Amino acid sequence: VRGCLLASLCLFCVLVGAWTGFTVYDHFFAHYWFSANGGAYVNVVPTEPATGYADAGKIVFTDESKVDVRRALGYRDRLTYCVAPISDGTLSTSVQFWATGMECCSARGSFTCDDTFNTKARSGFVIRDVSEHRRDQHYYYMKAVRQAEAAFGITSTDPIFVRWVKDPEKMETNYWRTGFGVLLVSVIVALLFCIFVISLIFSSWLGYRWWTVGRKAFGERFQAPVLPDPPVP
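### Some words on the state of the cysteines
Here's step 1: Taken as a whole and assessed by the stated rule, the structure comprises two disulfides.
Here's step 2: The disulfide that involves Cys82 links it to Cys105, with 2.1 Å between the sulfurs. As the torsion about the S-S bond is roughly -85°, the Cys82-Cys105 disulfide counts as left-handed. Within this pair, whereas Cys82 is found in strand 5 (residues 79–87), its partner Cys105 is found in the loop between strand 6 (97–102) and strand 7 (123–127), the two being separated by 23 residues in sequence.
Here's step 3: Given the relative accessible area of 17%, Cys105 is considered buried.
Here's step 4: Linked covalently through their sulfurs, Cys104 and Cys113 form a disulfide whose S-S length is 1.7 Å. Every disulfide takes its handedness from the sign of the S-S torsion; for Cys104 and Cys113 that torsion is 85°, giving right-handed. Each of the two residues, Cys104 as well as Cys113, counts as buried.
Here's step 5: For the protein, the bonded cysteines connect in the pattern 1-3, 2-4 when numbered consecutively along the sequence.

### Examining the packing of aromatic side chains
Here's step 1: Using the criterion set out here, one finds 14 aromatic pairs in the structure.
Here's step 2: An aromatic cluster of three or more residues is present, and its members are Tyr75, Tyr81, Tyr139, Tyr140, Tyr141 and Phe161.
Here's step 3: Residue placement shows Arg108 over the ring face of Phe152; its charged tip is 6.0 Å from the ring centre.

### Quick look at empty space enclosed by the protein
Here's step 1: Within the structure shown, the criterion is met by one cavity of 30 Å³ or more.
Here's step 2: Each pocket or cavity is described by its volume, and for the largest cavity that value is around 80 Å³.
Here's step 3: Surrounding the largest cavity, Pro46, Thr47, Arg71, Pro85, Ile86, Ser87, Asp88, Thr90, Ser92, Ser94, Val95 and Gln96 form its lining.
Here's step 4: The class makeup of the residues in the lining of the largest cavity is four nonpolar, six polar and two charged.

### Here's the deal with the pattern of salt bridges
Here's step 1: According to the stated counting rule, one finds six salt bridges in the structure shown.
Here's step 2: One salt bridge in this structure joins Arg70 and Asp68, with 3.6 Å as the shortest N-O distance.
Here's step 3: The exposed category is assigned to Arg70, whose relative accessible area is 63%.
Here's step 4: The salt bridge involving Asp114 is made with Arg163; its shortest N-O contact spans 2.8 Å. Taken as a pair, Asp114 in the loop between strand 6 and strand 7 and Arg163 in strand 8 (residues 160–165) lie far apart in primary sequence, 49 residues in all.
Here's step 5: On the basis of relative accessible area, Asp114 is assigned to the partly exposed category, the value being 32%.
Here's step 6: For Arg163, a relative accessible area of 24% translates into the label partly exposed.
Here's step 7: Salt bridges sharing common partners tie together Asp68, Arg70 and Arg71.

Rules used throughout
Residues numbered from 1 in each chain as written. Predicted model: local features only at pLDDT ≥ 70, side-chain atom pairs only at ≥ 80, totals over all residues. Heavy atoms only, no water. Disulfide = S-S within 2.5 Å. Helix = DSSP H or I, 4+ residues; strand = E, 2+ residues; numbered from the N terminus. Buried < 20%, exposed > 50% of the residue type's maximum accessible area, 1.4 Å probe, protein only. Phe/Tyr/Trp six-rings, centres within 6.5 Å; stacked < 30°, edge-to-face > 60°. Lys NZ or Arg CZ within 6 Å of the ring centre and 35° of its normal. 1 Å grid on protein atoms, 1.4 Å probe; cavity = no way out; pocket = protein on both sides within 12 Å on 5 of 7 lines; lining within 4 Å. Points joined across faces, edges and corners; volume = space filled by probe spheres on them. Nonpolar A, V, L, I, M, F, W, Y, C, P; charged D, E, K, R; others polar. Salt bridge = Lys/Arg side-chain N within 4 Å of Asp/Glu carboxyl O.

Right, here's the structure in full:
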């Protein structure tokens with residue numbers, strides 16, 4: 001029985017560890033590596049074709065660039081996925097770059113994600129489709145863009161999604177630190193859980209062992225004497 005419990009514990013830890021690793025990678029480390037290894041572009045005009053920056057990890061836009069909050073849209077699927085065009089002040093019907101965020105907008109015309117209202121913010125931390133195992137935020141941002149196309153009469157082919165920030169280098173570091181912190185906490189929790197379960201198994205085994213030894217000692221001490229058989233007449 002103890003062997004089965006230990007085997008089940010090992011299998012459980014392996015499955016939870018694999019799930020935690022994939023989740024942390026998709027949410028944090030993948031974005032960090034794409035940003036760190038991607039290209040860094042400066043003085044980018046928002047109306048330029050996004051396909052020319054397909055390898056971008058960080059983008060610094062021109063000084064007149066800003067988030068077009070009036071054409072922001074929120075797509076709801078358990079969470080609200082927010083998108084808003086990045087514009088240079090001209091009312092173009094073709095949008096190449098979108099500022100994005102989660103749970104920071106209303107259905108239409110409201111967008112407060114990251115540094116949207118920071119007048120010094122001109123940069124974008126690129127958000128890519130990083131997950132091969134599930135539908136990640138990139139998938140839902142595309143859903144929001146398709147709704148925005150219908151709602152505002154715009155087009156957006158092969159867009160690039162960014163988080164609108166003042167300092168993309170700082171955000172890159174935050175992704176790394178957060179991912180490492182989540183992994184560290186997960187390892188500590190898993191270690192404490194394993195110690196707790198193994199302690200329970202060992203204590204139950206030790207208690208059973210002492211009970212068996214005590215029972216034998218008690219039985220030998222108070223065992224009734226064996227009387228001889230009566231003589232045969």
